[in-house]
Amino acid sequence: PLVSGCGTFTFLSSAVAAVSGLLMGYELGLISGALLQMSSILALSCKEQEIVVSSLLFGALFASLTGGFLIDRFGRRLAIIIASSLLVLGSLLLLPYESYGILIVGRIAIGISISLSSIATCVYIAEIAPQHRRGLLVSLNELMIVIGILFAYISNYAFASVSHGWKYMFGLVIPLGALQAIAMYFLPPSPRFLVMKNKEEAARKVLERLRETSDATKELTMIKSSLKDEHQYSFLDLFRSKNNMRARMLVGLTLVFFVQTTGQPNILFYASTVLKSVGFQSNEAASLASTGVGVVKVVSTVPATVFVDQVGSKTFLCIGSSVMAVSLVTMGLVNRNIHVNFTSVCRSQSPEDFFLQRPGNLTDVTNGSLKDLFASMALPERLSFDTQRSPAFARTGELNRTALAGGKSTTGSHMESGEVPVVLKWFSLASLLVYVAAFSIGLGPSKYLI
C-alpha cells in the first residue's frame, strides 16, 4: 500500500477526491493577484473590488445552506462531480468577457462549486477511509488546499506582467476540474451512503474493494450500527445536553468562528494588495512576496498532515494558536511604525478620481464635492459608468492624473508620501509568514478533525 495501514485503491480514491481541495485553494488564492490587474483593466472602485472578492463567498454561503441536503440526497461522489463541472462552467464564463456583471456571476458560480465540493469531499474521504487512517486522509484535503493556494500565487506572479493575465489565471483551473469530474465518475460511491439508501450488498462490494479483503462484514455492521445511532437524534438535539451534543456543536462552531475572525481568509484574498501597501511597490514584487505565503502554508501543513494521528489535533491546535497570537501582536507593533496605505491601490481607480482626470473639472469642482456627487448616484448609474469605460481610456486617465498632479496623487489628503523602511517591510513580511505557518499547523487541519 502507498500508506501504511491503508489500501492503494482507498488512497488513490481519496487523492482524486482531494483534488477538490486543490481547486478550492487555487480559487481562494487566485483573486489576490488577479484583483491587481482587474481593478486596472475594468477600472473598479474600492467597493466594486470588495464585491468581486466577496461574491465568491455569497455563492459559498448559498451552497453551505443546501450542501448537506444535496450530498445526502444525491450522494457524495455525484456532488463532487457536479461541483467540478460547475467550477469549469463558472471559469469558462469569465474568459470571453471583460464585464463587471459577468465577473460577479462567474465568481458566484465558483463559490457555489468550492463550497459544495469542500462539504462533499471531506465526507466522502472520511467514509471511505479506514478508521485508524481517517485523520491522515482527511488532512490530505487540507494539504491539497494549501498546495492550490501556492499554485495560485505562482500563477499570480507568472502572469503579473502579461496583458490580460488574469484570464490565464482563471483558465488554468479548467482542465483539472474537468479531469476530476471524469475521474470521480469511475470511483465507487461512499459505502455509508449506499447503506443509507438500503443498498447493503453494493456497500459490501465497495468495502471489500477499498479494504482489499474478501470479507467486510464487520465494518459493514459498524456502519449500520452508527447510522442507527444517528437516527436517535433530531436537529434540536444539537442544542440539548443529550450525549453532550450541545458542547460538541459549540466546539465546532468556535473553531470555525476563529478560523474566520483570525483573518486568515482575508490574507488569502488580499495578500498581494496588503504586501503592496507595506512597501512592495509593483504588482510583480507583491505577487512574488505573496508566493512566499503559499510556500510557507505548504511546508507547515505537511507535518500537521503526516503526524496528526500520532500527535493529536488538539496538541497542534494549542501550539498553532499560541504562535498565531505572538505573531499577530508582533505584526501589529511593526505596522504601527509603517504608514500602511490601505486605500492607495483601490482608490487609484475610483470614479471620483477618474472624474478628476478629465479636463475642465479640476478647477470647477472640489474633491469633497465630487465624493458627495458620486455617493448620491444610484447604483445602476454607477455600474453603467464603470462598464462603459474602456481599458485604454482608464489607462489614459491614470497617466493624465499623474501628469496633472506632478507625480503626486490627487487624493493627497488621504495619503502620505514616503518609502517604507526596508527593515520594517521585511519584518512585517516575516511576521505574516509566521502567522500563516502557525495557522496551517493549528486551526488549518483541526477544523476538519476535532
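What you are looking at is a predicted structure, and each value in this text was computed from that prediction instead of being measured.

*Asks:* Which parts of the structure should I look at to understand unusual backbone geometry?
*Replies:* Comment: phi is negative for the bulk of residues other than glycine, and the bulk of peptide bonds are trans. Of note in the backbone geometry, histidine 164 takes a positive phi value of approximately 55° without being a glycine. Residue position: histidine 164 is located in the loop between α5 (134–158) and α6 (165–171). Note on histidine 164: relative accessible area 28%, which makes it partly exposed. The phi dihedral of asparagine 198 falls on the positive side, at around 60°, and the residue is not glycine. In this fold, asparagine 198 is placed in the loop between α8 (191–196) and α9 (200–211). Asparagine 198 gets classed as exposed once you look at its relative accessible area, which sits at 68%.

*Asks:* Where do I start with the packing of aromatic side chains in this structure?
*Replies:* In this description, an aromatic ring pair is defined by two values, namely the gap between the centres and the angle between the planes. For the structure shown, the criterion picks out four aromatic pairs. Between tryptophan 166 and phenylalanine 170 the ring centres are 6.0 Å apart and the planes differ by 85°, which places this aromatic pair in the edge-to-face class. Taken as a pair, tryptophan 166 and phenylalanine 170 lie in helix α6 at a separation of four residues, close to a single helical turn. Geometrically, the ring pair formed by phenylalanine 257 and phenylalanine 258 is edge-to-face, given 5.5 Å between the ring centres and 75° between the ring planes. Residue class for phenylalanine 258 comes out partly exposed when judged on its relative accessible area of 41%.

*Asks:* Just checking my understanding: could you explain the confidence of the model for the protein chain for this structure?
*Replies:* Parts of the prediction with low pLDDT should not have their coordinates interpreted in detail. In the predicted model, the protein chain carries a mean pLDDT of 77, and 78% of its residues have values of at least 70. Looking across the protein chain, the model is least confident in helix α16 (residues 351–357), with a mean pLDDT of 40, and most confident in helix α7 (residues 173–185), with 95. Confidence drops under pLDDT 50 across residues 348–417; counting only partners more than four residues distant or on other chains, this segment forms 68 contacts.

*Asks:* Explain the side chain of serine 118 here, please?
*Replies:* Position of serine 118 relative to the elements: it lies in helix α4 (residues 100–128). Serine 118 sits in the buried class, given a relative accessible area of 18%. Engagement of the side chain of serine 118 in a polar contact is seen with the backbone oxygen of serine 115, the distance being 2.7 Å.

*Asks:* Is there a simple way to explain the nonpolar core in this structure?
*Replies:* What tends to happen in soluble globular proteins is that the nonpolar side chains get buried as a cluster. Among the nonpolar cores identified, the biggest contains 94 residues, and Met38, Val52 and Leu432 are the most heavily contacted of them. At 15 residues, helix α1 (residues 8–41) tops the list of elements feeding residues into this core. If near-sequence neighbours (up to four positions away) are discounted, valine 52 is found in contact with Ile31, Met38, Leu44, Tyr100, Leu103, Ile104 and Arg107.

*Asks:* Whenever I open this one, the packing of helix α2 (residues 46–74) against α4 confuses me. Can you help?
*Replies:* For any two helices packed against each other, one specifies the inter-axial angle together with the distance between the axes. Interaxial distance between α2 and α4 falls to 6 Å at its minimum, and their mutual angle equals 40°. α4 is crossed by α2, and the crossing has right-handed handedness. A breakdown of the residues in the contact of α2 with α4 according to their chemical character gives 20 nonpolar, six polar and two charged.

About the thresholds
- Residues numbered from 1 in each chain as written.
- Predicted model: local features only at pLDDT ≥ 70, side-chain atom pairs only at ≥ 80, totals over all residues.
- Heavy atoms only, no water.
- Helix = DSSP H or I, 4+ residues; strand = E, 2+ residues; numbered from the N terminus.
- Buried < 20%, exposed > 50% of the residue type's maximum accessible area, 1.4 Å probe, protein only.
- Phe/Tyr/Trp six-rings, centres within 6.5 Å; stacked < 30°, edge-to-face > 60°.
- pLDDT = per-residue confidence, 0-100.
- Contact = heavy atoms within 4.5 Å.
- Polar contact = N/O pair within 3.5 Å; in protein donor to acceptor, adjacent residues only side chain to side chain.
- Core = buried A, V, L, I, M, F, W, Y, C linked by side-chain atoms within 4.5 Å.
- Axes fitted to C-alpha atoms, helices over the stretch in contact; angles between N-to-C directions.
- Left-handed = near helix turned anticlockwise from the far one by under 90°.
- Nonpolar A, V, L, I, M, F, W, Y, C, P; charged D, E, K, R; others polar.

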